[in-house]
Amino acid sequence: MIRQTLIEAAGNLLAVWQRSLLALIGIVVGAGAVIAMLHAGAMAREETIRQFRQMGTDTMVLRADSNTGMGNFRLGDIEATPEAVPLIREIAPFMIGGGTIISEGRSRNAGFLGVTAEFAQVARLPMAEGRFLSPFDRFELLVVVGHDLAQQLSSPFAPLRVGSQIRISRYVFTVAGILEPAMMNPMLPVDVNTTLFLSLPNARRVIALPSLSMAVARLQPDADPELASQMLQQHLGPGLRDARLNVLTARQLIAGMNSQVQLVAMLLGAVGSIALVLGGVGVMNIMLMSVAERRREIGIRLAIGARRRDVRRLFLAEALILSLLGAALGVGLGFLGGIGFAWMSGWQVSFSPIAAPLGAGVSIAVGVFFGFYPAVMAARLDPIEALRAE
Amino acid sequence: MLELRGITRRFRIGPTERTVLHGIDLDLAAGELVSIMGGSGSGKTTFMNILGLLDRPSTGTYCIRGEDVLAAKADAQSLMRNRMIGFVFQQFFLMPRLNAWRNVALPLMYRGTPEAEARRRSEAMLQRVGLGQHLSHMPNMLSGGQKQRVAIARALVTEPALILADEPTGALDPTVSREIMGLFEEMNRELGVLVVIITHDPGVAARCRRRLTLVQGRLLEEDDLAKARAA
Ligand SMILES: Nc1ncnc2c1ncn2[C@@H]1O[C@H](COP(=O)(O)OP(=O)(O)O)[C@@H](O)[C@H]1O
Ligand SMILES: [Mg+2]
């Protein structure tokens, strides 16, 4: 009987296949969006954990903000920080800029970072080739090149390497070192892979409006970031004149990112839920239409001995087939959506183990829920009325 | 076997009420072949719906084999229809998306007969009504007469006590009509099933042993009708 019911239900759906397809699309999109959302959420979590590991929880970024724009740290204050604030293990100030660089006749734009020798250590940037800038040659025209930028400046015939020359405005710099590829660090305002590193005196020469407005620091093991922030305010605040000190800790950043990720996930979830409800309404719609069109058929079934529950079961089977099929296709779409999300955000593809069962379960439940009302309507038809229908 | 007493049926149409059946008493015995005639709108279908447990009379009692069938609830009446009654309609009313044997098997499926057995019995019944060559044909590939044979096979496959046919030859030409009537006679004779045929066609009625007529909401036997005419 169940087999027969399923065969009949499938036949009925095929007979009005355009309508079935429409309802199916609703369910597929709904299930797909919900599943993609769950995958994206899982990937975001993994990504956060990875960045957390990579940055270390002990990283802090300091920024001097003034009402007119960027403030200036006093280099001496920064250099004295580890002594004045013992919770800070190491600190490296930097200034941000950018401009056109010319190498081997090719010109391109790049971000500049004016740094001290400590920067590579504090920001954990390993060298692929050569060495980083040192305190002794800060007046020499030397640069260190990020990994991707080095590749962009290379041609098959003339790879950029240590000793290559790079021109910025009227200065000709020599490459002292090239960095290893580094993971995107959300604490830093730049992508180090596409950045050119110069000493602070050189940066003041090539950056339009140089201001030493930022620093990256690391805490002592187990130091309290809150306490460290307060102490930094006391130590650096007075030297900033009208600027304010902003301290961002890795913890704060990760909390912020998490809430952002949660927002995106919730949005996706809302879209998915709406699509699912629309899909459910679609199922209800086509089933109400098919109940109206098949009144006489229902009358015949009742006449030859179908009970109300037999009629109900026939229509529920149609809803079930639609939602099972929709859920199956939706799982596929959800995985594709997850891959697309990873591709767009540059994250590593990973899947949530609960996404497929949860998304499929919810969409089947929605389909059957919305199929229930038409099925009950069908089962309640009066046999004579139904038989008289055209 | 069937016992109806004081059956009336009133329809409420807006504020007015219309009585279609006026206190019908009727006894039908197993193995009878009965025709019911009557003008259009005389209430033949209404009466058949009551006989077939598709509708309930406004007043009156109805027993089948001594069992009060009006006391039963809707689902219980479904079971009674499935067990005891087979319907044949003017417009055949086959399931368009089921082939011949699946159409015949449908009432068996609803009583939970396993598919293999339902198929065997349906095919045997199709053989009996002369459609042994058309077991797996879809309804739209069959002629009117063949469709009605499938419908008759569907009505008979459950071995009912009663076949109710509402103008079964109304949509068929005279030759086919006679063949279908012959089939009813044969099934009535061989299976001993009680057959009630509602018809407009005097030729069809003439082949039934007992002839009833609905006049102004009352059911008259042929003799009574003759007396009423004479008077
Ligand atoms: N559900 C209903 N509501 C109102 N009137 C009805 C209903 N069913 C039948 N009637 C009326 O009852 C009368 C008998 O109808 P019916 O039994 O179909 O006649 P027929 O003898 O042609 O089969 C008709 O006048 C019809 O309009
Ligand atoms: Mg009629």
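Description of the structure in this document. (Residues numbered from 1 in each chain as written. Chains lettered and ligands numbered in written order. Predicted model: local features only at pLDDT ≥ 70, side-chain atom pairs only at ≥ 80, totals over all residues. Heavy atoms only, no water.)

Moving on, we come to the site of ligand 1. In the neighbourhood of ligand 1, the contacting residues comprise R388(A), F11(B), R18(B), V20(B), G39(B), S40(B), G41(B), S42(B), G43(B), K44(B), T45(B) and T46(B). Each of chains A and B places residues near ligand 1. With respect to ligand 1, the side chain of T46(B) contributes an N or O atom lying 2.6 Å from an oxygen atom. In the complex, the protein chains occlude 71% of the 560 Å² of accessible area that ligand 1 would expose alone. The set of elements that each furnish at least two residues to the shell around ligand 1 consists of β2 (16–28) and α1 (44–51) of chain B. Residue contributions to the shell around ligand 1 peak at three residues, all from α1(B). Along the lines of polarity and charge, the residues of the shell around ligand 1 split into two nonpolar, seven polar and three charged. (Near = heavy atom within 4 Å. Polar contact = N/O pair within 3.5 Å; in protein donor to acceptor, adjacent residues only side chain to side chain. Areas by Shrake-Rupley, 256 points an atom, 1.4 Å probe, with all protein chains shown as cover. Helix = DSSP H or I, 4+ residues; strand = E, 2+ residues; numbered from the N terminus. Nonpolar A, V, L, I, M, F, W, Y, C, P; charged D, E, K, R; others polar.)

Residues and elements named next belong to chain B. Positive phi is not limited to glycine here, since F92 has a value of about 65°. Considering the arrangement of structural elements, one finds F92 in the loop between β6 (85–89) and α3 (100–110). Residues other than glycine seldom take positive phi values, yet E159 does so here, at roughly 50°. With respect to the element layout, E159 can be found in the loop between α5 (144–156) and β7 (162–166). By relative accessible area, E159 is classed as exposed at 64%. (Buried < 20%, exposed > 50% of the residue type's maximum accessible area, 1.4 Å probe, protein only.)

Within the largest apolar cluster, 67 residues are counted, with the highest numbers of intra-cluster contacts made by F315(A), F47(B), Y62(B) and V196(B). Here the element with the most residues in this core is helix α10 (residues 308–345) of chain A; it accounts for six residues. Once you skip the residues sitting within four places of it in the chain, F47(B) turns out to touch L4(B), L21(B), I24(B), L26(B), I36(B), L214(B) and L219(B). In terms of nonpolar packing, the next biggest core, distinct from the first, is built from 37 residues, M109(B), A151(B), A153(B) and I163(B) among them. (Core = buried A, V, L, I, M, F, W, Y, C linked by side-chain atoms within 4.5 Å. Contact = heavy atoms within 4.5 Å.)

Relative placement of two packed helices is described by the angle separating their axes and the distance separating the axes. Residues and elements named next belong to chain A. Two elements in contact, helix α8 (residues 250–293) and α10, have axes whose closest approach is 12 Å; the angle formed by their N-to-C orientations is 155°. One element, α8, and the other, α10, form an angle in the roughly antiparallel class. Between α8 and α10 lies a crossing of right-handed hand. Touching V264, L268, V283, I286, M287, S290 and V291 of α8 are F315, E318, A319, L322 and F341, all from α10. Its residues placed into classes, the contact of α8 with α10 shows ten nonpolar, one polar and one charged. (Axes fitted to C-alpha atoms, helices over the stretch in contact; angles between N-to-C directions. Parallel < 35°, antiparallel > 145°, perpendicular 65-115°, else oblique. Left-handed = near helix turned anticlockwise from the far one by under 90°.)

Here we take up the interface of chain B and chain A. Listed as interface residues are 22 residues of chain B and, on the opposing side, 25 residues of chain A. Summing both partners gives a buried area of about 2,300 Å² for chain B against chain A, and 62% of it is carried by carbon and sulfur. Broken down residue by residue, the surface that chain B buries against chain A is led by F93(B), R97(B) and Y110(B), which jointly contribute 30%. Across the contact surface, chain B and chain A share one salt bridge. The salt bridge involving R3(A) is made with E115(B); its shortest N-O contact spans 2.9 Å. Summed over the shared surface of chain B and chain A, the result is nine residue pairs in polar contact (both at pLDDT 80 or more). Sorting the residues of the side of chain B that touches chain A by element identifies α2 (74–84), β6 and α3 of chain B as the ones contributing at least two each. Residue composition of the side of chain B that touches chain A, by class: twelve nonpolar, three polar and seven charged. (Buried area = accessible area lost by both parts, 1.4 Å probe. Salt bridge = Lys/Arg side-chain N within 4 Å of Asp/Glu carboxyl O.)

Let us now look at the sheet that holds strand β8 (residues 194–198) of chain B. Residues and elements named next belong to chain B. Strand order in the open sheet made by the six strands is β6-β7-β8-β3-β9-β10, with mixed pairing throughout. Edge positions in the sheet fall to β6 and β10 (218–221), since each of these pairs with one other strand and no more. In this sheet, neighbouring strand axes are inclined to one another by 20° on average, regardless of whether the strands run parallel or antiparallel. Summarising the sheet, strand β3 (residues 33–38) and β8 pair through four bridges and their orientation is parallel. Looking at the pairing, S35 lines up with I197 of β8. Strands in contact with helix α8 (residues 222–230) are β9 (210–215) and β10; relative to β10, the strand with the most contacts, it is inclined by about 100°. (Pairing = 2+ DSSP bridges.)

Residues and elements named next belong to chain B. On the basis of which strands lie adjacent, the open sheet formed by four strands has the order β2-β1-β4-β5 and antiparallel pairing. With one partner strand each, in any of the chains shown, β2 and β5 (67–68) form the two edges of the open sheet. By the bridge criterion, nine bridges tie strand β1 (residues 2–13) to β2 in an arrangement that is antiparallel. What sits directly across from R9, in β2, is L21. α1 rests against β1, β2 and β4 (59–64) of the sheet, and its axis sits at about 125° to β1.

Our next topic: the pattern of salt bridges. Within the structure shown, the criterion is met by 28 salt bridges over all chains. For the salt bridge of D77(A) with R74(A), the shortest nitrogen-to-oxygen distance reads 3.4 Å. Classification of D77(A) as buried rests on a relative accessible area of 17%. On the basis of relative accessibility, which here comes to 44%, the residue R74(A) falls in the partly exposed class. Residues R128(B) and E190(B) are paired through a salt bridge, measuring 2.4 Å at the closest nitrogen-oxygen approach. Of this pair, R128(B) sits in helix α4 (residues 115–128) while E190(B) sits in helix α6 (residues 174–191), placing them 62 residues apart in sequence. Exposure remark for E190(B): the relative accessible area of 45% places this residue in the partly exposed category. Put simply, E8(A), R294(A), E297(A), R301(A) and E318(A) are held in one network by salt bridges that share partners.

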